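Observations on the three-dimensional arrangement
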Amino acid sequence: MNNDNQTLNWRCPNCDTINQGSRCIICGELKAKTPIPQQSETFVHNEENRNFNETDANRRAMTSKPKKSGKGAIIALSVIGGILLIALIVIIVVAFGGSDDKKETDKKPTPAVTHEIDDEEIETKPKERYVTDAVFGVNFNISADSHKMDASPAYTEKEQDVMKYIYPTGFKEIGLNKYMASDGTALLYYSVSENNDRKTVEALMEECKNKFGGDYVYEANGDSWFAVSRMRNGVNYYRKCFVGEKTAWFDIVYPDIYSDIYENYVTELERYFKADVGELETEDEKPDTESIDIDF
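Attention here is on the structure that accompanies the text. Here the structure is a predicted model, which is why all the values come from computation and not from measurement.

This model, assessed by the stated rule, comprises zero disulfides. Unpaired in terms of disulfides, Cys27 finds its nearest cysteine sulfur in Cys12, a separation of 3.5 Å. What makes Cys27 partly exposed here is its relative accessible area of 34%. Looking at the unpaired Cys208, the closest cysteine sulfur is the one in Cys241, lying at 7.8 Å. Residue Cys208 is classed as buried on the basis of its relative accessible area, which comes to 2%.

A full pass over the atoms with the stated rule returns 14 aromatic pairs. With a centroid separation of 4.2 Å and 15° between ring planes, the pair formed by Tyr167 and Tyr179 is classed as stacked. Of this pair, Tyr167 sits in strand β6 (residues 163-168) while Tyr179 sits in strand β8 (residues 178-181), placing them twelve residues apart in sequence. Ring geometry for Tyr190 and Phe273: centres 5.7 Å apart, planes at 55°, overall tilted. Note that Tyr190 is positioned in strand β9 (residues 187-194) and Phe273 in the loop between α6 (259-272) and β14 (274-275), a separation of 83 residues in sequence. Here Tyr190 falls in the buried class, since its relative accessible area comes to 1%. Through a chain of ring-to-ring contacts, the aromatic side chains of Tyr165, Tyr167, Tyr179, Tyr190, Tyr238, Phe242, Phe250 and Phe273 assemble into a single cluster. Over the face of the ring belonging to Tyr189 we find Lys178, whose NZ or CZ atom lies 6.0 Å from the ring centre. Sitting over the ring of Trp225, Lys240 keeps its end group 5.2 Å from the ring centre.

Working note: regular strand, side chains alternate between the two faces of the sheet. The sheet contact formed by strand β10 (residues 215-221) and strand β11 (residues 225-232) spans six bridges and is antiparallel. Residue pairing across strands places Asp215 opposite Met231, the latter belonging to β11. Where β10 folds back onto β11 in an antiparallel hairpin, the turn is made up of three residues.

Pairing is antiparallel across the open sheet formed by seven strands, whose spatial order is β7-β8-β9-β13-β12-β11-β10. Strands with a single pairing partner mark the edges of an open sheet, and in this sheet they are β7 (171-175) and β10. Shown here is a sheet whose adjacent strand axes are inclined to one another by a mean of 15°, direction ignored. Relative to strand β13 (residues 246-255), strand β12 (residues 235-243) is paired through nine bridges, and the arrangement is antiparallel. Across the sheet, the residue bridging to Phe242 is Ala248, located in β13. Its contacts with the sheet place helix α5 (residues 201-212) against β10, β11, β12 and β13, and it is angled at close to 15° to β11.

What counts and how
Residues numbered from 1 in each chain as written. Predicted model: local features only at pLDDT ≥ 70, side-chain atom pairs only at ≥ 80, totals over all residues. Heavy atoms only, no water. Disulfide = S-S within 2.5 Å. Buried < 20%, exposed > 50% of the residue type's maximum accessible area, 1.4 Å probe, protein only. Phe/Tyr/Trp six-rings, centres within 6.5 Å; stacked < 30°, edge-to-face > 60°. Helix = DSSP H or I, 4+ residues; strand = E, 2+ residues; numbered from the N terminus. Lys NZ or Arg CZ within 6 Å of the ring centre and 35° of its normal. Pairing = 2+ DSSP bridges. Axes fitted to C-alpha atoms, helices over the stretch in contact; angles between N-to-C directions. Contact = heavy atoms within 4.5 Å.

Rendered as structure tokens:
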């Protein structure tokens, strides 16, 4: 190599970069007055590569964003770990939560339909039907399928005032001397009162028939008692009454649809019903209390 080439290379005093032109390729500094002796081509080439790499690295360092701090990396890892944990819990719940339903499905397979089902084959619960008692204002259940009363029940004895009577054990007490069948299909009522108007058996019997109204079913009477049975709007009314200084009676009311059951009750209730009402004195039997003048 000649001496002219030795004067072409120079080192920038500002950034220590080896240059060949009149200005520094990095910082623009003017060429130094004293040139740097020419090195061997291999040395110069390596030196240029080193300077270029250093320069390029410096450029990237100046333009690149700063790295995240260690605290930010920890937060990021924590968030990722939390997401993975939630995903794992969801997988476990889905895997084991539906196992019971699957087992139940396995136990109860859907039966195959072998024929078409008619509407008549479908069992439906019977609707309850009611009638309203026109005399006592009681609603009676007249659904045949809901009737649960025994045709031959046990009875409980009771004494009240001047009366001795019985009532079926399947009836519940809903008031003083007032009982209702447990299935709501009958009402039984006992009562006693003073006969202040001294009404006769015949007079009271007519009053009872007018009160019940309806169609004739049965009636009978004796010297101190009467019995009347009527049917009105599908409801049976029966009264047995003793007449004297007091009147004592019982009424039993039930839908006609259950007559075959409750007629047995009537027979037993009438047989055991007793009342000490005293004797009713007529006008002819009253003692003569008019004053009598006596001459001495």
